[in-house]
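So you can see what is in the structure, the chains are spelled out below.
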Amino acid sequence: TLEDYLRKVKLLEENISQIEQIIYDYRALVEDKKPWSLIESTLREKYPSIKKVDPSSPLIVVELEGIEIEIDPSKNAYANIELHYDKIKSIRKRLSEAKTKEEQAKPKQVKQKIAASGPWYTQFRYFWTTNGFLVVAGKSAGQNQLLVRRYLEDKDIFLHADIHGAAAVVVKTGGKDVPEKDILEAAQFAACYSSAWRGGLYTIDVYWVPASQVSLKAPSGEYLAKGSFMIYGKKNYVRGVKLELLIGVSEKGELLALPAERNPADGCFLKVTPGPYRKDLATRKIIEFLKRECNFKAREEDVVKLLPDGGFHIERWRPWIPGT
């Protein structure tokens, strides 16, 4: 059942170091061409949690907290967890399809479309800098174009990671001078929501220019793809920006993503960086952390919206004090 696989995944994640060591020792015994009977007795003597070693599959059956779980020793521990998540997704898909068929069988009702509400920037990714400047980023090529065409105003600042495939990011200045710290925060936001994350990079250069240097019009005889821009004049570069994002709950109880440079003094956050966890696995771990540590029940779709495309490394985050 779905609950059984969810429980198994949780147990595997909690015992991932032991599972990795079991797989390592198994492979070493196989490479030494030990008899199957000796492989099983050696492993069961060292790891009491092992209940069976099946040479025909091959599979290792471990018992964790009274639950038997099959491990494929040809894959590492992370890959075994992902196999269980694939089964969870398959079960959820079947349940969803069954629910859809059930709903289709019911008499159709006319649903009233509810208009979206809230400030304009809530349709984009956004955060507020340390000194209170609004930073907005497009989620797609279409949103990048919309952000620049409709919402980029004189005196605003435009940022973009120096790589193909990145969010257009705008700092709404309101005509005020933006401190360097706030530009660094916006630059890290731009770095995180770029193809650099999917590519497994840990740092990337980001450039920024005043709004007056950005144009959606291509030079004569040239063509601009959707979501592309022309930048005229000198680019100001922030070099080696780290891809570090905070996912969590603010002191006001809002679920949000912040660049690590923002360094909020309050709230409950995890730090994510490019790493081995698949997006669905990272989402699950973040939801569990928010519930356990932040007393916040987050929906899966809301967490997914905050995450860049790619893999993840996850760690607990605490605010750092400058100078320490």
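Below: a short report on this structure.

What counts, and where the lines are drawn
Residues numbered from 1 in each chain as written. Predicted model: local features only at pLDDT ≥ 70, side-chain atom pairs only at ≥ 80, totals over all residues. Heavy atoms only, no water. Axes fitted to C-alpha atoms, helices over the stretch in contact; angles between N-to-C directions. Helix = DSSP H or I, 4+ residues; strand = E, 2+ residues; numbered from the N terminus. Parallel < 35°, antiparallel > 145°, perpendicular 65-115°, else oblique. Contact = heavy atoms within 4.5 Å. Nonpolar A, V, L, I, M, F, W, Y, C, P; charged D, E, K, R; others polar. Buried < 20%, exposed > 50% of the residue type's maximum accessible area, 1.4 Å probe, protein only. Lys, Arg positive; Asp, Glu negative; His and termini not counted. Salt bridge = Lys/Arg side-chain N within 4 Å of Asp/Glu carboxyl O. Disulfide = S-S within 2.5 Å. Expected span 1.5 Å × (residues − 1). Core = buried A, V, L, I, M, F, W, Y, C linked by side-chain atoms within 4.5 Å. Pairing = 2+ DSSP bridges. Phe/Tyr/Trp six-rings, centres within 6.5 Å; stacked < 30°, edge-to-face > 60°. Lys NZ or Arg CZ within 6 Å of the ring centre and 35° of its normal.

1. Remarks on the packing of helix α4 (residues 77-105) against helix α8 (residues 279-293)
Direction vectors running N to C along α4 and α8 enclose 85°, while the axes themselves pass 10 Å from each other. Taken together, the axis directions place α4 and α8 in an arrangement best described as roughly perpendicular. Counted together, Ile 81, Tyr 85, Lys 89 and Arg 92 of α4 and Asp 280, Leu 281 and Arg 284 of α8 form the full contact between these two elements. Across the contact of α4 with α8, the residue classes tally to three nonpolar, no polar and four charged.

2. Looking at the side chain of Lys 8
With respect to the element layout, Lys 8 can be found in helix α1 (residues 2-14). An unpaired buried charge is present at Lys 8: no salt bridge exists, and Asp 4, the closest side chain of opposite charge, is 6.5 Å distant. Not counting residues up to four positions away in its chain, the partners in contact with Lys 8 are Ile 67, Glu 68, Ile 69 and His 84.

3. A short note on the state of the cysteines
One pass over the full model with this rule turns up one disulfide. Across the disulfide from Cys 268 sits Cys 294; the S-S distance is 2.0 Å. Where Cys 268 bonds to Cys 294 through sulfur, the torsion about that S-S bond is close to -70°, and the disulfide is left-handed. With Cys 268 in strand β14 (residues 268-277) and Cys 294 in the loop between α8 and α9 (300-306), this pair connects stretches of sequence that are 26 residues apart. What makes Cys 268 buried here is its relative accessible area of 13%. Of all cysteine sulfurs, the one in Cys 294 lies closest to Cys 192, which takes part in no disulfide; the gap is 19 Å.

4. Considering helix α6 (residues 180-192)
For α6, built from 13 residues, the straight-helix expectation of 18 Å at 1.5 Å per residue is met to within 8% by its first-to-last C-alpha distance of 18 Å. Counting buried positions along α6 gives ten out of 13 residues, so the element sits mostly inside the fold. Listed as buried for α6 are Asp 182, Ile 183, Glu 185, Ala 186, Ala 187, Gln 188, Phe 189, Ala 190, Ala 191 and Cys 192.

5. What to know about the nonpolar core
Counting residues in each nonpolar core, the largest one holds 79 residues, and the members touching the most others are Val 62, Leu 159, Val 206, Leu 245 and Ile 286. Among the elements that take part in this core, α6 stands out by supplying seven residues, more than any other. Leave out the neighbours within four places in its chain, and Leu 159 touches Ala 167, Ala 168, Val 169, Val 171, Ile 183, Ala 186, Ala 187, Ala 190, Val 206, Tyr 207 and Trp 208. Membership of the second largest hydrophobic core comes to 17 residues, among which are Leu 134, Leu 152, Tyr 207 and Ala 211.

6. Section: the sheet that holds strand β2 (residues 59-64)
Taken in spatial order, the three strands make up an open sheet running β1-β2-β3, and their pairing is antiparallel. A strand with exactly one partner marks an edge of an open sheet, and here the two such strands are β1 (50-54) and β3 (67-71). Strand-to-strand twist in this sheet, taken as the mean axis angle between neighbours without regard to direction, amounts to 20°. Pairing geometry for β1 and β2, over four bridges, is antiparallel. Of the residues in β2, the one forming a bridge with Ile 50 is Val 62.

7. Let's talk about the packing of aromatic side chains
Enumeration over the complete set of coordinates arrives at 14 aromatic pairs. Ring centres of Phe 189 and Tyr 193 lie 5.1 Å apart, and the angle between their planes is 80°; on these two criteria the pair is classed as edge-to-face. Three or more aromatic residues joined by ring pairs make a cluster, and in this case those are Trp 120, Tyr 121, Phe 124, Tyr 126, Trp 128 and Tyr 151. The ring of Tyr 5 is capped by Lys 8, whose NZ or CZ atom sits 5.2 Å from the centre of that ring. For the cation-ring pair, Lys 235 lies above Tyr 207, with the distance from its terminal atom to the ring centre recorded as 4.3 Å.

Bear in mind that shape data such as this cannot, by itself, settle questions of function.
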